[in-house]
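Tertiary structure, described
Each chain, letter by letter, is given below.
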Amino acid sequence: MKRLCILCLIVLLLVGCGRQEPANGQIAYIPAASFAPGPDAAAPTAAPLFTVGPAAAPTPEPTAAPEPTPSPTPTPVPMEAKLRQYVAGMSDKEKIGQLVMFGFSGTNTVSSEFAKIMEDYAIGGVILYGANISRDDKDGGFDRCAKLTEDIRSHNATSIPLLISLDVEGGSVTRFRWRTKTLPARTLGDQGDEEAAQIQFQRIATALSDVGVNTDLAPVLDVAKDPSKTFLGQRIISSDEELAARIGCACIEGLQTGGCLSVAKHFPGHGATGADSHDTTPLVKKTLEELWAYELYPFQQAVAAGVDGIMMAHIRYPQIDPDHVASQSEVFMTDLLRGEMGFEGVIMADDFRMNGLRSQATLDEAAVRFILAGGDLILCGINHSYQRSILKGLTDAVADGTISEDRLNESVVRVLTAKMKVTDWEP
């Protein structure tokens, strides 16, 4: 019985465990594929590894907030472009008014006639002469001049500030009575002291600026082998062109440092003639090569030093321009001064009242010719009939196209550029 129980136990173990013992004595696991279902058996359904529910919407990627589009930074308009835009919007009358610098009689207020000219024609420049300054006043005329320039400005017909000029050169041409003596140009040349010249003209410019004058028609840069034989005399710095240039450039620096525009004169040089262009038309038979060798040197150095204006002389040079005096000559103003010498500032005519010019042409014709030849600013002292002739000539020439809009604008831009140097005005 005991044996039977042991035998049954062995059989049960063999059948229940489903194992075969290989010949080598190791247990071999039978793969599941070897248990093929019968033909009537249903295919077993494998239990899924996990239960599949409804498809979940994918979690969206966080969207970064769009960066705000930066506002474009406005590109600043260059001042020259702004100025040209401003000039393009000016009326012809306003433009023509910027091309003249006129004088009047009076030491306290402008004359009624000149006040009307200023307002009717939008005059942009005024010149004072000795007759406008009360140098016998206790303070030498400065306080009264300050009140006079204030009255002048009250008649300005535009928002553009005026150029108000004087010619203070030192020596005999001082206009005021100065507490500290102003040395003549020749003395400054004899001293050869550039610093002294700079200091004197800075002092002059500061005093002028304090009384409302912003332009000094100085220095004289004419040279002459014998200055005493010219009508300029002590107004000539030196017969040595290099010394005249050095001292002249120091004067220019002093004026600009003191707050005034500088205007070198009398281009291309008055030193080769004893004739006075106030009375007659001087004739100089020099060639351009001869002028380059001597007379032009101080002016070329002044251009390099940044002089603000250059005044043209009423002198005829038939070897260079057989048809016109220098103040009417395209050869001198456009070809030589602008082209060869590189001057970009204001070209001013010497006084239109002078016989050196009036013997050559009527004033209306001369005004038009001056602008067409390359000039910018016409000077005319105390003669309102002459002034009206100049204005009429310019007005008619602009109206009929003789002076083109481009040519007119070119000169106005130069004048307004100069005004911006000595005022706080901007277009």
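What comes next concerns the included structure. (Residues numbered from 1 in each chain as written. Predicted model: local features only at pLDDT ≥ 70, side-chain atom pairs only at ≥ 80, totals over all residues. Heavy atoms only, no water.)

**Details of the overall build of the protein**
Put simply, the test is: Each helix corresponds to a stretch of at least 4 residues labelled H or I by DSSP, and each strand to a stretch of at least 2 residues labelled E; elements are numbered beginning at the N terminus. Only protein chains enter the accessibility calculation, which uses a 1.4 Å probe; a residue is then buried when its area is under 20% of its type maximum, exposed when over 50%, and partly exposed in between. The criterion used for residue contact is that any of the two residues' heavy atoms lie within 4.5 Å.
Helices and strands together make up the secondary structure of the protein, namely 15 helices and 8 strands. Looking at the protein as a whole, 47% of its 427 residues qualify as buried. Summarising the internal contacts of the protein: among those between residues at least 6 apart in sequence, 77% fall at separations of at least 24.

**A closer look at the environment of Asp364**
For Asp364, the position within the fold is in helix α13 (residues 363-372). A relative accessible area of 33% places Asp364 in the partly exposed class. Separated by 30 residues in sequence, Asp364 and Leu394 place their C-alpha atoms 7.1 Å apart. Filtering out sequence-adjacent residues up to four positions away, Asp364 remains in contact with Ser389 and Gly393.

**What about the pairing of strand β5 (residues 261-267)?**
For clarity, the cut-off: Only strands joined by at least two bridges in the DSSP assignment are considered to pair. The crossover handedness rule: strands pointing away from the viewer, path from first strand over the helix to second strand clockwise, crossover right-handed.
Among the 7 residues of β5, 7 are classified as buried, and the element is accordingly described as predominantly covered. Examined bridge by bridge, strand β4 (residues 215-216) and β5 share 2 bridges and lie parallel to one another. Across the sheet, Asp216 pairs through a bridge with Ser262, a residue of β5. Since β4 and β5 lie parallel, the crossover through helix α8 (residues 241-257) that links them has a hand, and here it is right-handed. Relative to strand β6 (residues 309-312), β5 is paired through 3 bridges, and the arrangement is parallel. Bridging from a neighbouring strand, Val263 pairs with Gly309 of β6.

**Considerations on the packing of aromatic side chains**
Counted only if it meets this: A pair of Phe, Tyr and Trp rings is counted when the ring centres sit within 6.5 Å of each other, with Trp represented by its six-membered ring. The angle between the planes then sorts it: under 30 degrees is stacked, over 60 is edge-to-face, the rest tilted.
If you walk through the whole model with that rule in mind, you get 8 aromatic pairs. Pairing Phe142 with Phe176 gives two aromatic rings, centres 4.2 Å apart and planes at 5°, and the pair type is stacked. One end of the pair, Phe142, is in helix α5 (residues 142-154); the other, Phe176, is in the loop between β3 (163-166) and α6 (185-191), with 34 residues separating them in the sequence. A single burial state applies to Phe142 and to Phe176, both of which are buried. Ring centres of Phe142 and Trp178 lie 5.1 Å apart, and the angle between their planes is 80°; on these two criteria the pair is classed as edge-to-face. Remark: Trp178 occurs in the loop between β3 and α6 and Phe142 occurs in helix α5; sequence separation between them is 36 residues. Of the two residues examined, Phe142 and Trp178, each falls in the buried class.

Treat this as a map of the structure, not an account of what it does.
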